[in-house]
Amino acid sequence: MVDLNGQYDAIKEQINSSFETILKTSAFINGPEVHSFEKELEDYLGVNHVIPCANGTDALQIAMMGLNLQPGDEVITADFTFAATVEVIALLQLTPVLVDVNPDTFNIDINAIKKAITPKTKAIVPVHLFGQCADMEAILALAEKHNLYVIEDNAQAIGANYTFSNGKKQQAGTIGNVGATSFFPSKNLGAYGDGGAIFTNEHALAYTLKGVVNHGMYERYHHDVVGVNSRLDSLQAAVLRAKLPLLNDYNAKRRDAARKYNKAFKDIPHIKTPVTINGCAGICDTCDCHVFHQYTLKITNGKRDDLVKFLGEKEIPCGVYYPIPLHKQIAYKNDWYEDIDFPVTNQLVKEVISLPMHTELDGEQIDYITDAVIGFMKE
Ligand SMILES: *Cc1c(COP(=O)(O)O)cnc(C)c1O
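Presented here is an overview of the structure given in this document. What you are looking at is a predicted structure, and each value in this text was computed from that prediction instead of being measured.

How each quantity is defined
Residues numbered from 1 in each chain as written. Predicted model: local features only at pLDDT ≥ 70, side-chain atom pairs only at ≥ 80, totals over all residues. Heavy atoms only, no water. Helix = DSSP H or I, 4+ residues; strand = E, 2+ residues; numbered from the N terminus. Buried < 20%, exposed > 50% of the residue type's maximum accessible area, 1.4 Å probe, protein only. Contact = heavy atoms within 4.5 Å. Salt bridge = Lys/Arg side-chain N within 4 Å of Asp/Glu carboxyl O. Near = heavy atom within 4 Å. Polar contact = N/O pair within 3.5 Å; in protein donor to acceptor, adjacent residues only side chain to side chain. Areas by Shrake-Rupley, 256 points an atom, 1.4 Å probe, with all protein chains shown as cover. Nonpolar A, V, L, I, M, F, W, Y, C, P; charged D, E, K, R; others polar.

So, about the environment of L189. Structurally, L189 is set in the loop between strand 8 (178-182) and strand 9 (196-200). Judged by relative accessible area, L189 falls into the buried class, the value being 0%. Expressed as a C-alpha distance, the spacing of L189 and A143, which sit 46 residues apart in the sequence, is 29 Å. Ignoring anything within four residues of it in the chain, the contact list for L189 reads I158, S182, F183, F184, L240, K243, L244 and L247.

Next up, the structure:
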């Protein structure tokens, strides 16, 4: 599904030399690499504050801790996402309220959010799934109307842009009150281990978050709030510093692969290619609204599982993200959900299949993959 070696070859010298410096100086924690990365990512994103931390799940949790949400506060998020999003809500004893998603973009559905808002709702957590922003303009308007926080789960869309109806563009993760991302190796900006970061434009919130990541300390050995220990280490920061200047190229290569896939599948019955909505008309040729963390098809003739098996036999990797809606997961089942409230996720889990997507895919590999898929569908 991913090929991380090709990226390493291109940045080997820089990474090896910064690793050597870190090993020589033993600046493993909070070293200069971490601080430089923080600044460089702030510049890239055009955001006031980047707070690095240990992983994307922590980033989400810390973002919620920084907003001082209280047990019982309701937090609305998508039923169709990686479990980390809902996990941290539950861990903090907040009440996760799962809602359905849009069948074209796979992102949280605005009407479903509207229906789920109660006097106890305190926050909305849109997930920019597979590399494309949720409908942020509508979400911000709803949040303003109901006085809610917006926490973006940007683990899958770093480098994506969102275009507002007035033409203004903003980087994914910097649009709501706070954003969280992951530098897990297979994410679009991946470290060689775990890493994550929190973004915000709000100065007071940034100050709070910087204490929360560090045991609630604002002054050495003074613990003002209950915090966590969550750090990005210097070796990971060095990797990320080497990759950040290449992120736009990486994302362009992903889009290029997506375009080739789209072209091949365009007229094939029962295959629905990904839909990009923000700022472009369908197939993303020039804009950066989608960074294709995953390239996800819908197989609409009920043969998805057979296709997975067929590709497996041909040794073509593929993945089903996600096979079970969160409202059906044992840990997150809840009496107030009715299965009929989730018609879209219930359908998507049966139809989605993600094909190999990374920065090293070449035309020949894509032809091989698309020929196999098309051959199967035409059988
Ligand atoms: C990867 C991911 C996370 C968690 O990131 P980790 O760094 O693995 O903790 C959270 N949300 C989404 C949508 C993700 O894809």
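What follows is about the environment of I271. Along the chain, I271 turns up in strand 12 (residues 271-272). Sequence separation between I271 and H290 is 19 residues, and the spatial gap between their C-alpha atoms is 20 Å. Residues contacting I271, with those up to four places away along its chain left out, are F265, L297, K298, I299, V373 and M377.

We now examine the pattern of salt bridges. Counted according to the given criterion, the structure contains 13 salt bridges. Measuring nitrogen to oxygen at the nearest pair gives 3.2 Å for the salt bridge that ties R241 to E33. Linking R241 in helix 8 (residues 234-243) with E33 in helix 2 (residues 32-45), this pair joins segments that are 208 residues apart in sequence. What makes R241 partly exposed here is its relative accessible area of 24%. Ionic pairing is found between R241 and E40, a salt bridge with its closest N-O pair at 2.6 Å. Placement of R241 in helix 8 and of E40 in helix 2 is noted, with a sequence separation of 201 residues between them.

The next point concerns the site of the ligand. Taken together, 13 residues form the shell around the ligand, and within it G56, T57, D153, S182 and K187 come nearest. In this structure, D153 approaches the ligand through a side-chain N or O atom, which is 2.8 Å from a nitrogen atom. K187 places a polar side-chain atom, nitrogen or oxygen, 3.0 Å from an oxygen atom of the ligand. Summarising the interface, the protein chains cover 91% of the accessible area of the ligand, which totals 380 Å² for the free molecule. At the level of secondary structure, the elements contributing two or more residues to the shell around the ligand comprise helix 3 (56-66) and helix 4 (84-91). Taken together, the residues that form the shell around the ligand break down as four nonpolar, seven polar and two charged.

This brings us to unusual backbone geometry. Y322 follows Y321 through a cis peptide bond whose omega is 5 degrees. Counting through the fold element by element, Y322 comes out in the loop between helix 10 (304-313) and helix 11 (343-351). Positive phi is not limited to glycine here, since N30 has a value of about 55 degrees. Mapped onto the elements of the fold, N30 is located in the loop between helix 1 (5-25) and helix 2. Positive phi, close to 65 degrees, is recorded for F130, a residue that is not glycine. Accessibility expressed as a relative area gives 2% for F130, which makes it buried.

Function cannot be inferred from these measures alone, as they are strictly geometric.
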